[in-house]
Amino acid sequence: MPIPTPAAALSQAKRLVVKIGSALLVGGDGAIRSAWLDALVEDVARCRARGQELILVSSGAVAVGRTHLGLTGRRLRLEEKQAAAATGQIRLAHAYQEALARHGITVAQILLTLDDTEARRRHLNARATFEQLLALGAVPVVNENDTVATAEIRFGDNDRLAARVAQMISADMLVLLSDIDGLYSADPRRDPEAAHIALVDEIGPAIEAMAGAAPPGYSSGGMVTKLAAARIAMNAGCLMLIAKGQAPRGSGPLAAIEAGARATLFVPRAEPRSARKAWIASALNPAGAIVVDDGAATALRRGKSLLPAGIVDVDGAFERGDCVIVRTRAGIEAGRGLSAYASADIRRIAGHKSGEISAILGYRGRDVIIHRDDLVLTEAR
Ligand code: GLU
């Protein structure tokens, strides 16, 4: 695969996650920089008009809220940050809503914690909500759910949160808008020899050492968390860009990248789907097995999802979201995947049409037992 320029990668991405750091969006006085937000929203409207899906991951809740609560001039304790986030998030959401409404775009707020992206059931739920919102044409605006996240379950920085979101929804590209135009070999403010790194295709010790030396910027993340984000994105087969959020007057930050502004592009080695499927195949312990008839096994091998109609038996006890083995009646493993239903429910709907699921179970879940995006076929042996 030829390596694209940042401009080409950005304009070609079908599904784009853009992370906005606090320092870009919020002034030192705690006010939202509306001119900057308007320029960003121009970018969003343009990308959507040419058919791209956009998800914004925005920081700024604490920065906005702390001023309103008079919590300025010192480091905040966790509870104070949470109070600030509660106050700031509502203002932040309002600002996005107003700015995007001027382009006729609907905004949806999603607040996530680390658990929501790590626990499989919640991961699946959140992903389904993202998919639904995008299908309905809304722009999800995401932040960490700072008010409930304790120190142990906090991301603490939106760089990694944005990467997890990109992984969750199989985005093609993640753009981290920052106060610096990418990664440097050393701190460019102190070292005149510091060289800009345009392309990274592997994060090894040499690249990590650069992050340690680079300027931290204003965000809570700095370059270290940006590299952590890059690792998550690259493992998910997602391109990542670190670019400067401050664009020349009159231009949005994404327009500036498209016009050739300097940035650092992180290029994954695998395609998104294969990386995601590698995660399913390797990261989880199968909790049970679903036995399918030959027709269903053939359909799976042709890339279809697993429907209840093709299921003849279920082994073991598992929950919705657990990784299970799919076996043929002859006992041959056909694949592994994440089940959209618990084993007890599959026993009840096995052999039935998808349209009958809600009548049998009394609730309306997915039409498929394992979606093809959640299924890895076992190599023929
Ligand atoms: N979630 C925090 C906020 O909105 C920001 C985290 C970060 O700076 O990356 O204020």
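Residues numbered from 1 in each chain as written. Predicted model: local features only at pLDDT ≥ 70, side-chain atom pairs only at ≥ 80, totals over all residues. Heavy atoms only, no water.

Trainee: Looking at this structure, how should I read helix α4 (residues 61-68)?
Mentor: Every α-helical turn comprises 3.6 residues, leaving residues that sit three or four positions apart pointing alike. Restricting attention to buried positions, one finds in α4 the residues Ala61, Val64 and Gly65. Projection of α4 onto a plane perpendicular to its axis shows the buried side chains occupying an angular sector of 90°, all on one side. Buried residues along α4 sit in contact with α5 (78-101) and β4 (139-144). At the exit of α4 stands Gly70, carrying a positive phi of roughly 75°. (Buried < 20%, exposed > 50% of the residue type's maximum accessible area, 1.4 Å probe, protein only. Helix = DSSP H or I, 4+ residues; strand = E, 2+ residues; numbered from the N terminus. Arc of directions from axis to C-beta. Contact = heavy atoms within 4.5 Å.)

Trainee: Hey, could you run me through the pattern of salt bridges in this one?
Mentor: Counted under the stated rule, the structure contains 21 salt bridges. Residue Arg74 pairs with Glu80 through a salt bridge whose shortest N-O separation is 2.9 Å. Its salt-bridge partner being Asp116, residue Arg122 comes within 2.7 Å of it at the nearest N-O pair. Where salt bridges share partners, they join Asp43, Arg46, Arg50 and Glu258 into one cluster. (Salt bridge = Lys/Arg side-chain N within 4 Å of Asp/Glu carboxyl O.)

Trainee: Whenever I open this one, the sheet that holds strand β12 (residues 311-315) confuses me. Can you help?
Mentor: In sheet architecture, strand pairing relies on hydrogen bonds along the backbone and comes in two forms, parallel and antiparallel. In spatial order, the strands read β12-β11-β13-β14-β15; together these five strands make up an open sheet with mixed pairing. At either margin of the open sheet sits one strand with a lone partner, and together these are β12 and β15 (375-377). Put simply, the sheet's adjacent strands are angled 25° from each other on average, direction ignored. For strand β11 (residues 289-292) and β12, the ladder comprises four bridges, and the chain directions are antiparallel. (Pairing = 2+ DSSP bridges. Axes fitted to C-alpha atoms, helices over the stretch in contact; angles between N-to-C directions.)

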